[in-house]
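Analysis of the macromolecular model
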Amino acid sequence: MDQGIGNTATVPEAAFVPIYCDVSLPVPMDQAFTYLLPLTLRHRVRPGCRVIVPFGSRKLTGLVLRIHSGAEKPKGNLREVMRLLDEEPALSEDLLDLGRWVSEYYCSPLGETLRAMTPLSGEIRLGKLYSLTKSGSEASRQLIFGEGETDPPTQILRLLERRPLTASYLQQKFPGAAAILKSLEKRAFVEVENVAGERDPLRAPAERLQVEFVSRQADGVAGKLPKAERELLSFLELHPGIHNLGELDAQVRKASTAARSLARKELVKLALAPVDVWRGPIRAAHELNGHQRNAFAAIEGALVKEQFQAFLLQGVTGSGKTEVYLKSIEAALAMDRGALMLVPEIGLTPAVADQFHHRFRGRVAMLHSAFNDAERAQEWRRIRSGEAAVVVATRSGVFAPVRNLGLIIVDEEHDQSYKQQETPRYHGRDVSVVRARNQNAVVVLGSATPSLETRFNAETGKYTRLELSERIEQRPMPVVTIVDMRQEFLETRKHATFSRTLIDAVTKRLEDGEQSMLLLNRRGFSSFIVCRTCGERVQCANCSVTLTYHRRERRMLCHYCNYAEKVPERCTKCDGDQLQFQGIGSERVEDELHGAFPKARIARLDRDAVTGKRDYETILAAFRQGEYDILVGTQMIAKGHDIPNVTLVGIVNADIGLGLPDFRAAERTFQLLTQAAGRAGRGTLPGIVVLQTINPEHYAITCAAAQDYEAFYQKEIEFRRLLAYPPHSALASIIIRGTNEAETLERSMAMGRLMQPAPEGVRVLGPAAAAIAKLKTEYRYQMLLKAGSRKRLNQVLCELRRFAQAEKWNPVSLAIDVDPMTLL
């Protein structure tokens, strides 16, 4: 009998049964893709694992959703899974279920949703592999390019005759290789394949690596090693322990190169350094006051029950909400449960994390966008392993794989930065509530100015409301003075940026050695340039908005697409030279302050001033330490900062945003003004607020000045009820967009016809040109759908998506935003 036939007979019959897996891929398509599992992966792949699979000419990383056998054989010829990236699932069943809910509720493709949930892209290296075609081989021998064998295209073809090469290798070897390769590909001389693989951690920057001497076998091979490697080994033997490779570079010659080589020879251990792990002393907890004790007792009681419960922790600014958070996390840890705290902006994370590190030391992990891909992946793995039981994160941290999750805290829950503005358009606060419900955890939503939806849920009994009605140590709330800038002009006959009241208040703070914060929620120096002859304004080439003048950079800039151009000297329409700068921004406020107070030390905090990774905390730390007298900024200065020496907050223009065509305009204005005012008087010294406005009678202004949330809520909730806006309805914004204006208009009209007559239980507004009719070269038309039932709204949205797919629209042409935070 043939040996091969005999061997075949001994193979278990089950080995020949094909096994398939359904994989979710990060593409804008509402379906999973089925692949064949090779024999080597059958017992290793599980739902939630990441795999690399072929997709057309590309290689994509996807997540396994389901594994099934040959009894359910799919149609067509199936391709095999190429590689398994995780021995343990990247997402647990709980997180997979949460991803499915997000995908369904927010009408986003599951693959794109799951990609947003796994910040591990830094571990995958994507690239292009070029190989020679038959015609390319002939071209290289015929020397068809002008300079013969020395010509770069010919040299590239000759190299490719030996073996396929990556784009990165060719670009290092030949300047301008990208353009040459593109030309060769067009002429069918080369073919390109997208490749994906695991990134080598040893290629990380030196400052991100740590090295340790581990092998006693080095003595036997030391004489065969290069000099730099011998010197590094000697240093590590004399100085045992873990060393940062970046710091070693300053002490040992060529330490970085030598360490990587030695690691590959297994003579030293090279690993990624931990991210910001606190090694200092543990800071003692503060004594809680009566209101704080009552709030903590309610949260602790819910944790003991191990059942889902949602709390609204509503406390005035400076009332000590953070200490309640910290005590609640301590209680969760004592019960061997994990805790997740979300903060709204990246800038808040270092300040909050510092308190957490002092309290919990190395058990804290951070997740935010200031980290690079490798740092985020490293922290994510610390969380999944259980090494970090406390997580401080921004919006996407709601998907962090916290073990035995018991508590979720959403600080400043009203903040609109919790809403993602691109697919998947989820709201971090609402996903937190759903995740807590699914995992029998407690969720605490904290704010001095809760969103109307959250406050309404507390009023209707969905959430339990906890109140902190006074500041800690019985410190007084700041005294607010409203300055009517209309009356100021009548009395002074000057179009001044600062009122006399604000000037006097700043002067007094400078004399007393106290600090001031001035808020103007608008970037740049001037809002726009207008021609006084014909009225023409300088517009963005890509968006239907005016360009903002930035004096320091000497350019006009679009704040939506970053298009920039030089400051014009003459009008492009009438060639007139009467160009006038209109409006003010934070850059101009800083400039005028220097003129009014030449001896004052002034800093500015906005997106233009914060360009580097650590600029935000550097400026804030310097202000906190008294290196500046005045801090000017946009909304970045208004939230979460506790600086005891700040006794004055000046609102330069309280009306910005109040007139926007958005039903949330008044709510956002009230929240911003109240939060900004709360920065004053947080220490032992009392604070004052000077609020400049031309709408002193508007209820958002008067309620913010009075720090009266209840009065604002009652006024605004009635307005929402009368016009059927959230929370009295479910709302979705539909944007139809495209680069061809006529085609986009026709599509919007087709969508409008589909919605006529309006579906039962749904009110349709539009379609009409969006408030910003053109954005980033795309024309935009908008529809609003209101419904009394979220289920009914979701059914209609699914119908719209099916219509777009049937009409073969580009998937990005239809943008659905469920529970939108802005209608612009």
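Structure shown above.
So, here's what we can say about the structure. (Residues numbered from 1 in each chain as written. Predicted model: local features only at pLDDT ≥ 70, side-chain atom pairs only at ≥ 80, totals over all residues. Heavy atoms only, no water.)

1. Structural notes on the sheet that holds strand β16 (residues 405–411)
Pairing in this open sheet of seven strands is parallel, and the strands run β14-β15-β13-β16-β17-β12-β18 from one edge to the other. Both outer strands of the open sheet, β14 (364–367) and β18 (464–468), are each paired with one neighbouring strand and no more. On average, each strand axis in the sheet is tilted by 20° relative to the strand beside it, whichever way the strands run. Seen against the sheet, helix α15 (residues 373–385) touches β14 and β15 (390–393) and runs at an angle of roughly 140° to β14. Contacts from helix α17 (residues 452–459) reach β12 (309–315), β17 (442–447) and β18 within the one sheet, and its direction differs from that of β12 by about 115°. (Pairing = 2+ DSSP bridges. Helix = DSSP H or I, 4+ residues; strand = E, 2+ residues; numbered from the N terminus. Axes fitted to C-alpha atoms, helices over the stretch in contact; angles between N-to-C directions. Contact = heavy atoms within 4.5 Å.)

2. Some thoughts on the pattern of salt bridges
Counted according to the given criterion, the structure contains 44 salt bridges. For Arg570, the salt bridge goes to Asp575, with nearest N and O atoms at 3.2 Å. Arg664 is the partner of Glu667 in a salt bridge, and the nearest nitrogen-oxygen pair spans 3.8 Å. Across the pair, Arg664 and Glu667 agree in class, each one buried. Linked by salt bridges that have partners in common, Glu453, Arg664, Glu667, Glu716 and Arg720 make up one network. (Salt bridge = Lys/Arg side-chain N within 4 Å of Asp/Glu carboxyl O. Buried < 20%, exposed > 50% of the residue type's maximum accessible area, 1.4 Å probe, protein only.)

3. A word on the nonpolar core
The biggest cluster of nonpolar side chains holds 65 residues, and the ones touching the most others in it are Ile734, Leu785 and Leu797. For this core, the leading source of residues is helix α26 (residues 790–806), giving six residues. For Leu797, the residues in contact, after removing those within four places along its chain, are Cys107, Ala732, Ile734, Leu785, Ile816 and Val818. Membership of the second largest hydrophobic core comes to 40 residues, among which are Leu620, Phe670, Phe712 and Tyr713. (Core = buried A, V, L, I, M, F, W, Y, C linked by side-chain atoms within 4.5 Å.)

4. Quick look at the packing of aromatic side chains
Tallied over the entire structure, the rule returns 14 aromatic pairs. Centroid distance Tyr105 to Tyr106: 4.8 Å. Interplanar angle 80°. Geometry classified as edge-to-face. With a relative accessible area of 1%, Tyr106 lands in the buried category. Their ring planes at 5° and their centres at 4.3 Å tell us that Phe670 and Phe712 sit as a pair that is stacked. With Phe670 in helix α22 (residues 665–677) and Phe712 in helix α24 (residues 709–723), the pair connects residues that are 42 residues apart, well separated along the chain. (Phe/Tyr/Trp six-rings, centres within 6.5 Å; stacked < 30°, edge-to-face > 60°.)

5. Overview of a positive patch on the surface
On the surface, Lys227, Arg230, Arg253 and Lys254 cluster together into a patch of positive charge. Topologically, Lys227 is positioned in helix α9 (residues 227–238). Overall, the relative accessible area of 48% leaves Lys227 in the partly exposed class. (Patch = residues over 30% accessible without salt bridge, like charges linked within 9 Å, V, L, I, M, F, W, Y side chains within 5 Å. Areas by Shrake-Rupley, 256 points an atom, 1.4 Å probe, with all protein chains shown as cover. Lys, Arg positive; Asp, Glu negative; His and termini not counted. Charge placed at Lys NZ, Arg CZ, Asp CG, Glu CD.)

6. Describing the environment of Ile734
Assignment of secondary structure puts Ile734 in strand β30 (residues 730–738). On the basis of relative accessible area, Ile734 is assigned to the buried category, the value being 0%. As a C-alpha pair, Ile734 and Asp817 span 83 residues in sequence and 6.4 Å in three-dimensional space. What Ile734 contacts, discounting residues up to four positions off in sequence, is Tyr781, Gln782, Met783, Leu785, Leu797, Leu800, Leu814, Ala815 and Ile816.

7. As for the side chain of Thr822
Inspection of the secondary structure puts Thr822 in the segment after β33 (814–818). With a relative accessible area of 19%, Thr822 lands in the buried category. At a separation of 3.2 Å, a polar atom in the side chain of Thr822 contacts the side chain of Asp662. A polar contact is formed between the side chain of Thr822 and the backbone nitrogen of Leu824, at a distance of 3.3 Å. What Thr822 contacts, discounting residues up to four positions off in sequence, is Gln421, Asp662 and Arg668. (Polar contact = N/O pair within 3.5 Å; in protein donor to acceptor, adjacent residues only side chain to side chain.)

8. Some remarks on the sheet that holds strand β11 (residues 268–272)
Strand pairs in the sheet, formed through backbone hydrogen bonds, run parallel or antiparallel to each other. As summarised here, the arrangement of the three strands in space is β10-β9-β11, forming an open sheet in which the pairing is antiparallel. Either end of the sheet is taken by a strand with one partner, and the two such strands are β10 (242–244) and β11. Geometrically, the sheet is characterised by an average inter-axis angle of 30° between neighbouring strands, direction not taken into account. Strand direction decides the pairing type here: strand β9 (residues 209–213) and β10, joined by three bridges, are antiparallel. When the bridges of β10 are listed, Glu212 appears paired with Ile242.

9. Points about the environment of Asp819
Note that Asp819 resides in the segment after β33. Classification of Asp819 by relative accessible area gives buried; the value is 13%. When the C-alpha atoms of Asp819 and Val252 are compared, they prove to be 57 Å apart, with 567 residues separating the residues in sequence. Here Asp819 is in contact with Tyr105, Lys419, Asp430, Leu731 and Arg790, once residues within four sequence places are set aside. Engagement of the side chain of Asp819 in a polar contact is seen with the side chain of Tyr105, the distance being 2.7 Å.

10. Observations regarding the pairing of strand β1 (residues 19–24)
Note on strand geometry: in a regular strand, side chains alternate between the two faces of the sheet. Among the six residues that make up β1, six are buried, leaving the element largely enclosed by the rest of the structure. Side chains Ile19, Cys21 and Val23 of β1 all project onto a buried face; the interleaved residues Tyr20, Asp22 and Ser24 project onto the opposite face, where all are buried too. Note: β1 against strand β4 (residues 58–69), six bridges, orientation antiparallel. Its bridge partner lying in β4, Val23 is registered against Val64. In this structure, β1 lies alongside strand β2 (residues 33–36), joined through four bridges in antiparallel fashion. Looking across to β2, one finds that Asp22 is bridged to Thr34.

11. Considering the state of the cysteines
If you walk through the whole model with that rule in mind, you get zero disulfides. With no disulfide of its own, Cys558 lies 3.7 Å from the sulfur of Cys540, the closest cysteine sulfur. Its relative accessible area of 0% is what places Cys558 among the buried residues. Of the cysteine sulfurs around Cys571, a residue in no disulfide, the closest is that of Cys534, at 3.6 Å. (Disulfide = S-S within 2.5 Å.)

12. Notes on the side chain of Glu412
Relative to the elements of secondary structure, Glu412 occurs in the loop between β16 and α16 (428–438). Of the side chains bearing the opposite charge, Arg679 lies closest to the buried Glu412, which forms no salt bridge; the N-O distance is 5.2 Å. Filtering out sequence-adjacent residues up to four positions away, Glu412 remains in contact with Pro344, Tyr418, Gly446, Ser447, Gly640 and Gln675.

13. A closer look at the pairing of strand β20 (residues 515–519)
A large share of β20 lies buried, amounting to five of its five residues. Every second residue of β20 is oriented toward a common face, with Gln515, Met517 and Leu519 on one face and Ser516 and Leu518 on the other, all of them buried. Where β20 and strand β27 (residues 630–633) come together, four bridges link them in parallel fashion. Bridge pairing in β27 places Leu519 opposite Gly633.

14. Focus: unusual backbone geometry
Here the amide bond leading from Gln756 into Pro757 is cis, since omega sits at -10°, within 30 degrees of zero. When you line up the elements, Pro757 lands in the loop between α25 (741–754) and β31 (762–775). Between Gly766 and the following residue, Pro767, the backbone shows a cis peptide bond with an omega angle of 10°. Inspection of the secondary structure assignment puts Pro767 in strand β31. Positive phi is not limited to glycine here, since Asn440 has a value of about 50°. For Asn440, the location among the structural elements is in the loop between α16 and β17. Asn440 gets classed as partly exposed once you look at its relative accessible area, which sits at 41%. Unusually for a residue other than glycine, Glu473 sits at a positive phi of about 55°.

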